[in-house]
Amino acid sequence: MKLHIGCGTVYLIDGWTNVDQTGKTVFLARDRPDLVERWGPTEQDYYAKHGGVGEHTVATPQMHESVCDAYGDMCALPFADDSADEILCRQVFEHLSIREARQGLAEFNRVRRKGGTLRLDVPDHNAALEAYRETGRTFFKRHILGSQKCDSAWHVMGWSHYALAVFAGEYGFQHLSLEPNIHFYPAFCCRFRKVADWERAWRYRDEAKDLSQ
């Protein structure tokens, strides 16, 4: 099982189980096959159904309707222990408080099989700050605190590559590599492997400290 957590309006169709929170405009795939068709790309073409998301993309009312396979909170996933082979979480982790982030990583550790992959994709706030300093464009400022268009569009935490690698190391995830940025704004995606139950994971935090900031 491959879990796509916090899927929003990207419903991955190539073998993924898409998970999102309940809401008035969030529907289950079995009830809204039309939304699966609307928002159903493969992972290799993540934003294909958005017409190529870019800086000047204008949100429409239809974009607020999203679809998933299962309702779930990142801190309380509706899956059994050691049931997932891979977890992908794009542009969601920055919306969690530090307490929620700890709960989320503990939950990822619970459902993730040992040896499997966790991929956390977050805004690169350091790069966004540098771009804002150089250009003065509010476009980059927006990606530090979030768009703030709704209750879920606020960035609560700002992660660096180093900080995220060390933090995930506390919960049994060994940092492997950085993936190419697929977004049109500064961001990075860390790839991890589950190597231990989180209660015995501290040495992987120390290993991650070797990364430069």
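Residues numbered from 1 in each chain as written. Predicted model: local features only at pLDDT ≥ 70, side-chain atom pairs only at ≥ 80, totals over all residues. Heavy atoms only, no water.

## Notes on the environment of His-95
And then number 1: In this fold, His-95 is placed in the loop between β6 (84-90) and α2 (98-111).
And then number 2: With 62 residues separating them along the chain, His-95 and Met-157 place their C-alpha atoms 6.5 Å apart.
And then number 3: One polar contact links the side chain of His-95 to the main-chain carbonyl oxygen of Trp-154, over a distance of 2.7 Å. (Helix = DSSP H or I, 4+ residues; strand = E, 2+ residues; numbered from the N terminus. Polar contact = N/O pair within 3.5 Å; in protein donor to acceptor, adjacent residues only side chain to side chain.)

## Focus: the environment of Pro-41
And then number 1: Structurally, the position occupied by Pro-41 is in the loop between α1 (33-38) and β4 (66-68).
And then number 2: Overall, Pro-41 belongs to the buried group, its relative accessible area being 6%.
And then number 3: The spatial distance from the C-alpha of Pro-41 to the C-alpha of Tyr-11 is 6.6 Å, given a sequence separation of 30 residues.
And then number 4: Those residues within four positions of Pro-41 in sequence are excluded, and the remaining contacts are Val-10, Tyr-11, Leu-12, Ile-13, Tyr-46, Ala-48 and Lys-49. (Buried < 20%, exposed > 50% of the residue type's maximum accessible area, 1.4 Å probe, protein only. Contact = heavy atoms within 4.5 Å.)

## Here we look at the pattern of salt bridges
Oppositely charged side chains can form a pair if their charged atoms are brought close together.
And then number 1: For the structure shown, the criterion picks out 16 salt bridges.
And then number 2: A salt bridge links Arg-113 to Asp-85; its shortest N-O distance comes to 2.6 Å. One end of the pair, Arg-113, is in strand β7 (residues 112-123); the other, Asp-85, is in strand β6, and 28 residues separate them in sequence.
And then number 3: Overall, Arg-113 belongs to the partly exposed group, its relative accessible area being 37%.
And then number 4: What you see here is one network of salt bridges that share partners, running through Glu-43, Glu-86, Arg-90, Arg-119, Asp-121, Glu-179 and Arg-191. (Salt bridge = Lys/Arg side-chain N within 4 Å of Asp/Glu carboxyl O.)

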